[in-house]
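Okay, here's what each chain looks like letter by letter:
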Amino acid sequence: MFVALRDLKFAKGRFALMGTVVTLITLLVVLLSGLTAGLGRENISAITDLDADHLVFAAPAADQDISFSDSVIPAQTQADWADVAGVAAVEPLALGMTRAESGARTTGVAFFAVDEASALPPVAVRSGEVVLAEQAAEDLGVAAGGTVTVGGVELEVAAVAGSDSYSHAPVAWISDADRPMTGTAPDAATVLAIRVGTADLAAADAALGTETVTVADSLNAIGSYSSENGSLQLMRGLLLAISALVIGAFFTVWTVQRSPEIAILKAVGASTGYLVRDAVGQAFVLLLFGTGLGAALAAGLGAVAATVVPFVLGPATVLLPAALLVVLGLVGAAASLRRIATVDPLTALGAAR
Amino acid sequence: MTMHLNDVTLTYPDGDGRLTALDHVTLHAEPGELTAVVGPSGSGKSSLLAVAATLITPDSGQVLLDGTDLVGLNRKQRTRVRRDRIGIVFQSANLLASLTALEQLTVMAHLAGEAPTAAGERALELLDAVGLGAQAGRRPHQLSGGQRQRVTIARGLMNEPSVLLVDEPTSALDSERGAAILDLLRRLTTERGLATVMVTHDRDHLAHADRVVEIVDGRAHALAPA
Ligand SMILES: Nc1ncnc2c1ncn2[C@@H]1O[C@H](COP(=O)(O)OP(=O)(O)O)[C@@H](O)[C@H]1O
Ligand SMILES: [Mg+2]
């Protein structure tokens, strides 16, 4: 990178401008990634944190997809699943959205109703008790030992545990006995949380009229998650594509402007390979600085933002998008390399057109 | 016997037909000798240098460098020949804007994969030899036209070639500076045993030459040195 590094210094202004663009795009992509992950976590963490590897849904109609809001698993099906060979644990879970009150304070919560013996909640819940996620306790201003009304039923706060939320609402773990009215049979569950050993899931599904999916696959059954996540990911994808194009355009213009010098270097014996390495190295340095600065800024802003909005700050939301930008930027820059190959060293001789 | 062009013919596409830029040209350049190529504008002088520099492949004929025909070489091999064995000085001082005078030379060593320390010393010696020892840290825009041309000459010699090809080195200079460049080329050719081929349109320069070849309409013939 003999000439490339000196060009970086010599054409400071131009590269600083491009570096700023890379920095800003990185800032945007990382912030968006953190926000996407934060919103996603608010939507799904209660499901992903379940001590289970698969969820059993009621099989939807042929043209419908599985959905937490539509699934109803009657008591008989629950019993039948418990008898399926090769399934380790079968925990019925009924969930839905409701209101919680404590004194004058109210908040929306996701109720997760389970059997008294269930291992799903962070702390076992008995009839008459509720285990609140931290956010719910904070919103309601209650602590363990206090009383709250969940869906019209007065319950004692057995514990404040975990930070799980579902569909942007903090989780309130309750006993099946205290479940608010949802219009389904009181002993019907929404899903079964199971741990699968050697079971033939397809056969069990076919026999019992259910559809069993992995926990990860079940997330799209949360209506708000699939649409929200989809549009945020689309924005992120577009930003990444735009950055590759912008960087590609910059290096293409730069290469065109530089072609007289490329011709000189070729005339005095620089191979195309040497010039390409030089150019790729230059793009890499620019991208590394730009994304590094952008990621650092975004991490700082994200740390502040995390106190007011859902925001996840971590390698997956900071380093991964930055690395992706470097790779896509290099792909964009590579588009300009073709031009290096086509520069004719003869043009350096000037007079011979 | 360093560089021999034997019976070289070169044509360019020209409308429906072809334009003959070099018509069975033969030229010999020997070590320590300055060969001047003169002729009117458009006569084929630059084309001749381009062929000698392996920048264009002629339609026919041979370009022998120490007995090896360069015409048959592939692009990679020709790039290497230009890097290691032929120095080129262009009509306008073609320097790289971001590099200092010294770096214009050391980049040549970098191209050849040479260690930077030895290269730095040799580059400084060469800048001294062309009278620019004190300007080593300057970039092209901080140098005069004559100084830039001297840097180009020094760059041409950096990888110690046996052949130096020079295209109208003084066309952008006044006559005093032009004469100084000519003196320099004459001196370097003798001191370093270079086979120098210099294209010029200035008949005053012929006094410095050991041989003179005149090209008219692509055809070359020897003139007696002035
Ligand atoms: N790349 C080219 N394509 C087509 N014609 C060219 C090209 N280079 C030079 N010529 C033509 O070849 C002839 C010789 O050009 P050149 O070698 O540049 O002459 P000189 O250097 O003596 O002025 C001229 O007629 C010129 O127009
Ligand atoms: Mg010419």
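Calculation rules
Residues numbered from 1 in each chain as written. Chains lettered and ligands numbered in written order. Predicted model: local features only at pLDDT ≥ 70, side-chain atom pairs only at ≥ 80, totals over all residues. Heavy atoms only, no water. UniProt positions renumbered as here; feature names shortened; annotations may be inferred. Contact = heavy atoms within 4.5 Å. Buried area = accessible area lost by both parts, 1.4 Å probe. Salt bridge = Lys/Arg side-chain N within 4 Å of Asp/Glu carboxyl O. Polar contact = N/O pair within 3.5 Å; in protein donor to acceptor, adjacent residues only side chain to side chain. Helix = DSSP H or I, 4+ residues; strand = E, 2+ residues; numbered from the N terminus. Domains from an automatic or database assignment. Pairing = 2+ DSSP bridges. Axes fitted to C-alpha atoms, helices over the stretch in contact; angles between N-to-C directions. Patch = residues over 30% accessible without salt bridge, like charges linked within 9 Å, V, L, I, M, F, W, Y side chains within 5 Å. Areas by Shrake-Rupley, 256 points an atom, 1.4 Å probe, with all protein chains shown as cover. Buried < 20%, exposed > 50% of the residue type's maximum accessible area, 1.4 Å probe, protein only.

- Looking at an unreviewed UniProt entry, chain B carries the name ABC transporter ATP-binding protein, with the source organism given as Occultella gossypii.

- Chain A appears in an unreviewed UniProt entry as ABC transporter permease from Occultella gossypii.
- Under Sequence similarities (unreviewed entry), UniProt gives the following word-for-word description of chain A: "Belongs to the ABC-4 integral membrane protein family."
- On record in UniProt, under Subcellular location (unreviewed entry), the comment for chain A is "Cell membrane".

1. Details of the interface of chain A and chain B
Now for step 1: In this complex, chain A contributes 24 residues to the contact, which on the side of chain B involves 27 residues.
Now for step 2: When the two sides are added together, the surface that chain A and chain B hide from each other amounts to roughly 2300 Å², 70% of it contributed by carbon and sulfur.
Now for step 3: Of all residues in chain A, the largest losses of buried area upon contact with chain B belong to F2, V268 and L349 of chain A, amounting jointly to 27% of the total for that side.
Now for step 4: Counting every contact that joins chain A to chain B gives 1 salt bridge.
Now for step 5: For the salt bridge of R6 of chain A with E103 of chain B, the shortest nitrogen-to-oxygen distance reads 2.9 Å.
Now for step 6: Scanning the region where chain A abuts chain B turns up 7 residue pairs in polar contact (both at pLDDT 80 or more).
Now for step 7: For the side of chain A that touches chain B, the elements supplying multiple residues, two or more each, are α1 (2-10), α7 (223-267) and α8 (272-305) of chain A.

2. Comments concerning the domain arrangement of chain A
Residues and elements named next belong to chain A.
Now for step 1: By domain assignment, chain A separates into domain 1 (2-43 + 226-348) and domain 2 (48-219).
Now for step 2: Domain 1 and domain 2 are separated by 45 Å when their C-alpha centres are compared.
Now for step 3: If you look at the interface, domain 1 gives 5 residues, while domain 2 gives 5 residues.
Now for step 4: Contact with domain 2 buries area across many residues of domain 1, yet E42, N43 and E228 alone supply 84% of it, more than any other trio.
Now for step 5: The interface formed by domain 1 and domain 2 contains 0 salt bridges.
Now for step 6: The tally of links from domain 1 across to domain 2 stands at 4 residue pairs in polar contact (both at pLDDT 80 or more).
Now for step 7: Among the elements that line the side of domain 1 that touches domain 2, the one with the most residues is helix α2 (residues 12-48), at 4 residues.

3. Examining the sheet that holds strand β5 (residues 68-69) of chain B
Adjacent strands of a sheet form backbone hydrogen bonds with each other and so pair up, either parallel or antiparallel.
Residue and element names in this part refer to chain B.
Now for step 1: Judged by pairing direction, the sheet is antiparallel, and its 4 strands sit side by side in the order β2-β1-β4-β5 without closing on themselves. Of all strands in the sheet, those with a lone pairing partner are β2 (17-29) and β5, marking the two edges.
Now for step 2: Two elements, strand β1 (residues 3-14) and β2, share 9 bridges in a ladder whose sense is antiparallel. Paired with L10 across the two strands is L22, which belongs to β2.
Now for step 3: Helix α1 (residues 45-52) contacts β1, β2 and β4 (60-65) of the sheet and is inclined by roughly 120° relative to β1.

4. Details of the domain arrangement of chain B
Residue and element names in this part refer to chain B.
Now for step 1: Domains assigned within chain B are domain 1 (1-85 + 163-226) and domain 2 (93-160).
Now for step 2: Each side of the interface is counted separately: domain 1 has 14 residues, and domain 2 has 16 residues.
Now for step 3: Overall, the association of domain 1 and domain 2 removes approximately 1200 Å² of surface from exposure, summing both partners, and the carbon and sulfur fraction of that is 67%.
Now for step 4: In terms of surface lost to domain 2, no three residues of domain 1 exceed R83, L184 and R192, which account for 37% of the buried area on that side.

5. Details of the UniProt feature "domain: MacB-like periplasmic core" (unreviewed entry) in chain A
Now for step 1: UniProt records the feature "domain: MacB-like periplasmic core" (unreviewed entry) for residues 25-207 of chain A in the present numbering.
Now for step 2: For residues 25-207 of chain A, helix accounts for 25% and strand for 34%, while the C-alpha atoms at its two ends are 52 Å apart.

6. Focus: a nonpolar patch on the surface
All names here are of chain A.
Now for step 1: On the surface, a nonpolar cluster with roughly 400 Å² of combined accessible area is contributed by V21, L234, L238, I242 and V246.
Now for step 2: Among the elements that make up the nonpolar patch, the one with the highest residue count is α7 (4 residues).
Now for step 3: Here V21 lies in helix α2.
Now for step 4: By relative accessible area, which is 30% here, V21 ends up partly exposed.

7. Some words on helix α3 (residues 101-111) of chain B
Now for step 1: The element α3 of chain B is largely enclosed, with a buried count of 9 among its 11 residues.
Now for step 2: Of the residues making up α3 of chain B, those classed as buried are A101, E103, Q104, L105, T106, V107, M108, A109 and L111 of chain B.
Now for step 3: Of the surrounding elements, those touching the buried residues of α3 of chain B are α1, α7 and α8 of chain A together with α2 (75-84), α4 (116-129) and α5 (145-157) of chain B.

8. Quick look at the pairing of strand β6 (residues 153-160) of chain A
All names here are of chain A.
Now for step 1: Across 4 bridges, the pairing between strand β4 (residues 129-132) and β6 is parallel. For V130, the partnering residue across the bridge sits in β6 and is V157.
Now for step 2: The pairing of strand β5 (residues 147-150) with β6 spans 4 bridges and is classified as antiparallel. Paired with T147 across the two strands is E156, which belongs to β6.
Now for step 3: The turn joining β5 and β6, which pair antiparallel and follow one another in sequence, is formed by 2 residues; a positive phi near 60° is taken by G151.

9. Some words on the sheet that holds strand β8 (residues 195-199) of chain B
Residues and elements named next belong to chain B.
Now for step 1: One open sheet accounts for 6 strands, arranged β6-β7-β8-β3-β9-β10; its pairing is mixed. Of all the strands in the sheet, the pair left with one neighbour each is β6 (86-89) and β10 (219-223). Taking each pair of neighbouring strands and ignoring which way they run, the sheet shows an average axis angle of 20°.
Now for step 2: Pairing geometry for strand β3 (residues 33-38) and β8, over 5 bridges, is parallel. Pairing of A36 across the sheet is with M198, part of β8.
Now for step 3: Contacts between α5 and the sheet are confined to β6 and β7 (163-167), with β6 contributing the most and set at about 170° to the helix.

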